[in-house]
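# Structure at a glance
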Amino acid sequence: MVIPIYDVNPVRRTPWVTYGLIAANLLALLFTPLFANMGLGGEAVADLCHQTAFFQHYAAIPKELVTNMQLPLVATGAVGRGANGIGCVIDAPTYTKVPALSVLTSMFLHGGWLHLLGNMLFLWVFGNNIEDRFGRIGYLLVYLAAGYAAAYGFALANPDTAEPLIGASGAVSGILGAYLVLFPRARVWSLVPILFFIPLRLPAWIVLGTWFVLQWLYSAGLAVSGGGEVAYLAHVLGFVVGVLAALPFRGRGRPPVPRQVARYAEPQVMWRKTDRGGWR
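Residues numbered from 1 in each chain as written. Predicted model: local features only at pLDDT ≥ 70, side-chain atom pairs only at ≥ 80, totals over all residues. Heavy atoms only, no water.

All told, the structure shown has 13 aromatic pairs when counted by the stated rule. The interplanar angle of 45 degrees and the centroid separation of 5.0 Å between the aromatic rings of phenylalanine 54 and tyrosine 58 together place this pair among those described as tilted. Separated by four residues within a single helix, phenylalanine 54 and tyrosine 58 lie in helix α2 (residues 45-58), roughly one turn from each other. A relative accessible area of 19% means that phenylalanine 54 is categorised as buried. (Phe/Tyr/Trp six-rings, centres within 6.5 Å; stacked < 30°, edge-to-face > 60°. Helix = DSSP H or I, 4+ residues; strand = E, 2+ residues; numbered from the N terminus. Buried < 20%, exposed > 50% of the residue type's maximum accessible area, 1.4 Å probe, protein only.)

On to the pattern of salt bridges, then. Side chains bearing opposite charge may pair, as long as their charged atoms lie close to each other. Following the criterion strictly, the structure yields four salt bridges and no others. Put simply, aspartate 132 and arginine 12 hold a salt bridge, and the shortest N to O gap is 3.5 Å. One end of the pair, aspartate 132, is in helix α5 (residues 113-134); the other, arginine 12, is in the loop between β1 (3-8) and α1 (16-30), and 120 residues separate them in sequence. Taken together, the shared-partner salt bridges connect Arg12, Arg13 and Asp132 into one network. (Salt bridge = Lys/Arg side-chain N within 4 Å of Asp/Glu carboxyl O.)

In this section: the side chain of serine 190. On the secondary structure map, serine 190 appears in strand β4 (residues 187-192). A polar contact is formed between the side chain of serine 190 and the backbone oxygen of valine 188, at a distance of 3.3 Å. Apart from residues no more than four positions distant in its own chain, serine 190 is found in contact with Val2, Ile3, Pro4, Ile5, Ile198, Pro199, Leu200, Leu202 and Val207. (Polar contact = N/O pair within 3.5 Å; in protein donor to acceptor, adjacent residues only side chain to side chain. Contact = heavy atoms within 4.5 Å.)

Now for the pairing of β4. Along β4, the buried face is formed by Val188, Ser190 and Val192; none of Arg187, Trp189 and Leu191, which line the opposite face, is buried. In this structure, β1 lies alongside β4, joined through five bridges in antiparallel fashion. What sits directly across from tyrosine 6, in β4, is tryptophan 189. (Pairing = 2+ DSSP bridges.)

With that out of the way, let us pick up the environment of valine 181. Structurally, valine 181 is set in helix α7 (residues 169-182). Taking relative accessible area as the criterion, valine 181 reaches 11% and is therefore assigned buried. When near neighbours in sequence (up to four residues on either side) are disregarded, valine 181 contacts Val243, Ala246, Leu247 and Arg250.

The next thing to look at is the sheet that holds β1. Two orientations exist for strands paired in a sheet by backbone hydrogen bonds: parallel and antiparallel. If you trace the three strands from one edge of the open sheet to the other, you get β1-β4-β5, paired in antiparallel fashion. Both edges of this open sheet fall to β1 and β5 (198-203), since each of them pairs with a single strand only. Put simply, the sheet's adjacent strands are angled 30 degrees from each other on average, direction ignored. Sitting on the sheet, α5 touches β1 and β4, and the angle it makes with β1 is about 25 degrees. (Axes fitted to C-alpha atoms, helices over the stretch in contact; angles between N-to-C directions.)

Spelled out as structure tokens, the structure:
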């Protein structure tokens, strides 16, 4: 897989929604219990229990999405000792959770810096052009629609799973799908790991097409991934939503870039014929 770092594809306006989404995801990570223990080389049981309780409260859980009911037993965040040793205390939830809203909050939760930076890098490189083409409101709607479709699609395929779904991957995948449809020939500077991270200027259809094929292979079990518990099916579903959303815009030309107005008018030279036949 290649790692995009910059695309040669100018925009007409500042992508404020893309900047806002990146900032919101960063702030959300700073306020999660997981952030307090980052970089310490290990996680204490108390931190793990607190983190588990937090994700069960605010992340999307496939079993809850399918049944539209929250889990009857969840981690409380406390640590206890049982027959199998020290573990997290489980009890009935003391809060009311709306599964549909948990999909929204889960889009802003990540499992660590690498998880966050990977998603935000793709959003930074490709999001600005989609925002420029769809407009701020349309861009945000596509982003959210891809995230919801990814979460609910994964839940329908795994209805008994109680593991929390976190991350903006499904929503960002929708932006990638839209970019592939609208700007397949745009050049993207990318790092290729198998070539010792040599930067190459590749067309978007190679960068994003390769990415999608790998996600599909992993989700179908046709390739082995070292990504751990990654919901690759959610990536595929979000990507497809982005493709479908961009198809109606494919035949339209890109809106013209507004010309800059000159600050000073150029002096006009007036010529007239003199009595002697010359010009001045």
